[in-house]
Amino acid sequence: MHADLDSTVDEKDQPPAARPLPQRASLAVLPALFLGAFANALLAPFMGYFIVEGKGLAPWWLSVYSAVAITVSIAVNRYIGRRIDHGTRLYRWLLLGQAAYAIAVALLIYSPPAALLIGLVGIFQGIANTATTTMYSFGRLMLDGTQDRAKINSKLRVITSLAWMLAPPLTFSLASWNTGITVFQVAAGVAIGWILVGRLVLPTTFRSPPAKAVAAADGGASSFGMLQRTAVCFFFALAHVLCSTSLPLYYTRELDLAPYAAGLSFGVKCAVEVAAILLAPWLVKKMGTNYGLFISALFAFAAFSQFLNASSLTGVLLGACLEGMFYGTFAAVAMTYVQEMSPTRVGRATSAYMNSLFLGGMVGILTLGAVATAYDFRAVIFGALIAMATGSAILLADTLSGARQENRVRPLNR
């Protein structure tokens, strides 16, 4: 399909910096991103249910599995981010994630004992998670110059949410027939399709700009500022993981709803996410990223409160709508919010953003396992409220700090 882009060229003959591709060619990343997000969405929300209900293990096993997978994700993701900023062919890192996903699914089909599930599957799934970061960097670099950053990130997040809108309902519907094996067989088919589509549509020789070309333009992004902004993303992600990961078991064990309620709730949430993400570029243009995240936080508080007070499927779906507004706004705005601190070092900013999500996910799962074992899943949602309040406080401090800095600079510009 893009034969001119896929032609075999020796790496040393490649130019040191990649130029943005024509709009039509650059959109090739979107089908590959959709299949990758769909593959991830088949497994991610299901693994907790599979470990507890399918394997009959205690909830703390989920915490151990997630700790293994996310620790590997953070380490590999950080390494890939550095390589991207130093100039590299992005496709090779995507292929690494695709291969790891295929191996993880193959192991799951054979239903490994707990030790292998936690060890090998966790490691390969952790490597597979980095494919999302690579595809976001791929999309950002390929689309750069054709439209503004907020629109690029919004487009990438819309594709991701469309996949998440479709995959979880399919997963839990398949799980109602048998606990796991059909889900993993379908995931294997999707993995094969993802690898083939990626190879056919993506420019395999496309390179990221090397660090020397962008270091001066970056202006020396503040390390403290980057830390502060990733901390905001960490606590928002922690709140999201505490709530969303506990919901399938919260629905079935504490609200006595049918298993399909979890898949339906995921689908509704992701459908609303799409609408929120489409509004994000307008929101960023009118209000800026900081105030966009404040709006996200308001929806989060409303969603968590609704889940705590829900007693029927209708109440759960209302909470899912609010959660979709929360996470859709956050997902679309947060990447731009972090990238503002390092606008030209795409690998650094994107890996920092994704690692804040991974770390939030790991802490969230560890907290979920401990709290759910000691108390119940309702208490986990209370924990999400606390995490969201903490993230909002850091966001407020960042906003006030930015306002003070702007006031100091303004007289010099008159």
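What counts as what
- In every chain, residue numbers begin from 1 and rise along the written sequence.
- Residues qualify for local features only when their pLDDT is at least 70, as the model is predicted, and side-chain atom pairs are given and counted only at 80 or more; totals for whole chains, interfaces and linings, by contrast, use all residues.
- Only hydrogens and water are set aside when side-chain values are computed; all heavy atoms of the structure are taken into account.
- Secondary structure elements follow DSSP: runs of H or I of four or more residues count as helices, runs of E of two or more count as strands, with numbering from the N terminus.
- Residues are treated as being in contact if the distance between any of their heavy atoms lies within 4.5 Å.
- Throughout, the Shrake-Rupley method with a 1.4 Å probe supplies accessible areas, and for residues the shown protein chains are the sole cover considered.
- For every residue, the accessible area obtained with a 1.4 Å probe (protein chains only) is divided by the maximum for its type, and the residue is called buried under 20%, exposed over 50%, and partly exposed between those limits.
- Cavities and pockets are found on a 1 Å grid laid over the protein atoms alone: a cavity is a set of points where a 1.4 Å probe fits but cannot escape, a pocket is an open set with protein on both sides within 12 Å along at least five of seven lines, and a lining residue has an atom within 4 Å of such a point.
- Grid points are joined across faces, edges and corners, and a volume is the space filled by probe spheres set on the points.
- In the scheme used here, Gly and all other residues not listed as nonpolar or charged are polar, with Ala, Val, Leu, Ile, Met, Phe, Trp, Tyr, Cys and Pro taken as nonpolar and Asp, Glu, Lys and Arg as charged.
- Expected helix span is given by 1.5 Å per residue-to-residue step, counting one fewer step than there are residues.
- Any Lys or Arg side-chain nitrogen located within 4 Å of an Asp or Glu carboxyl oxygen qualifies as a salt bridge.

Asker: I'm lost on the overall build of the protein chain in this one. Help?
Answerer: In terms of regular secondary structure, the protein chain is built from 15 helices and zero strands. Contacts in the protein chain between residues at least 24 apart in sequence constitute 87% of all its contacts with a sequence separation of at least 6. Accessible area of the protein chain: about 16700 Å², with a carbon and sulfur share of 65%.

Asker: What am I meant to see in the environment of A163 here?
Answerer: As for its position among the elements, A163 is in helix α7 (residues 149-175). Classification of A163 as buried rests on a relative accessible area of 0%. For the pair formed by A163 and L42, sequence separation is 121 residues and the distance between their alpha carbons is 9.2 Å.

Asker: Help me understand unusual backbone geometry, please; the structure alone is not making it clear to me.
Answerer: Both trends apply: most residues other than glycine have a negative phi, and most peptide bonds are in trans. Of note, D256 is a non-glycine position whose phi angle comes to about 60°, a positive value. Secondary-structure assignment places D256 in the loop between α10 (223-254) and α11 (260-287). Here D256 falls in the exposed class, since its relative accessible area comes to 67%.

Asker: Looking at this model, I keep getting lost on the layout of surface pockets. Mind explaining?
Answerer: Gaps between atoms show up when a probe of the same size as a water molecule is rolled over them. Of the voids in this model, the largest pocket is the one considered here, and its volume is about 470 Å³. Lining the largest pocket are 18 residues, and of these R78, M226, T230, R348 and A352 sit closest to its centre. In the lining of the largest pocket, the residues fall into six nonpolar, seven polar and five charged.

Asker: What am I meant to see in the side chain of K269 here?
Answerer: Mapped onto the elements of the fold, K269 is located in helix α11. When residues no more than four places from it in sequence are discounted, the contact partners of K269 are H240, A320, E323, G324 and Y327.

Asker: Where do I start with helix α8 (residues 181-201) in this structure?
Answerer: An α-helical turn contains 3.6 residues, so any two residues separated by three or four positions project in the same direction. If you check α8, its first and last C-alpha atoms are 30 Å apart, about what 21 residues at 1.5 Å a residue would give, namely 30 Å. Those residues of α8 lying buried are T182, V183, F184, A187, V190, A191, W194, G198 and V201.

Asker: What exactly am I supposed to notice about the pattern of salt bridges here?
Answerer: Close approach of charged atoms lets side chains of opposite charge pair. Counted by the stated rule, this structure contains three salt bridges. Residue R229 pairs with E340 through a salt bridge whose shortest N-O separation is 2.8 Å. Of this pair, R229 sits in helix α10 while E340 sits in the loop between α13 (313-339) and α14 (346-374), placing them 111 residues apart in sequence. For R229, a relative accessible area of 10% gives the class buried. What makes E340 partly exposed here is its relative accessible area of 35%.

Asker: Before we go on, may I ask you to explain α10 in this structure?
Answerer: For α10, with 32 residues, the first-to-last C-alpha span of 44 Å sits near the 46 Å given by 1.5 Å per residue. Among the 32 residues in α10, 24 count as buried, and that is most of the element. Trailing α10 by a residue or two, D256 shows a phi angle of about 60°, which is positive.

Asker: Is there a simple way to explain empty space enclosed by the protein in this structure?
Answerer: Throughout the structure, instances matching the rule amount to four cavities of 30 Å³ or more. What the largest cavity holds in volume is close to 990 Å³. Sorting the residues of the lining of the largest cavity by element identifies α3 (29-54), α4 (59-85), α6 (114-143), α7, α10, α11 and α14 as the ones contributing at least two each. Residues belonging to the lining of the largest cavity are distributed by class as follows: 24 nonpolar, 11 polar and three charged. Lining the second largest cavity are G36, N40, Y101, Q125, A128, N129, A131, T132 and W194. Those elements giving two or more residues to the lining of the second largest cavity turn out to be α3 and α6. If one sorts the elements of the lining of the second largest cavity by residue count, α6 sits on top with five residues.

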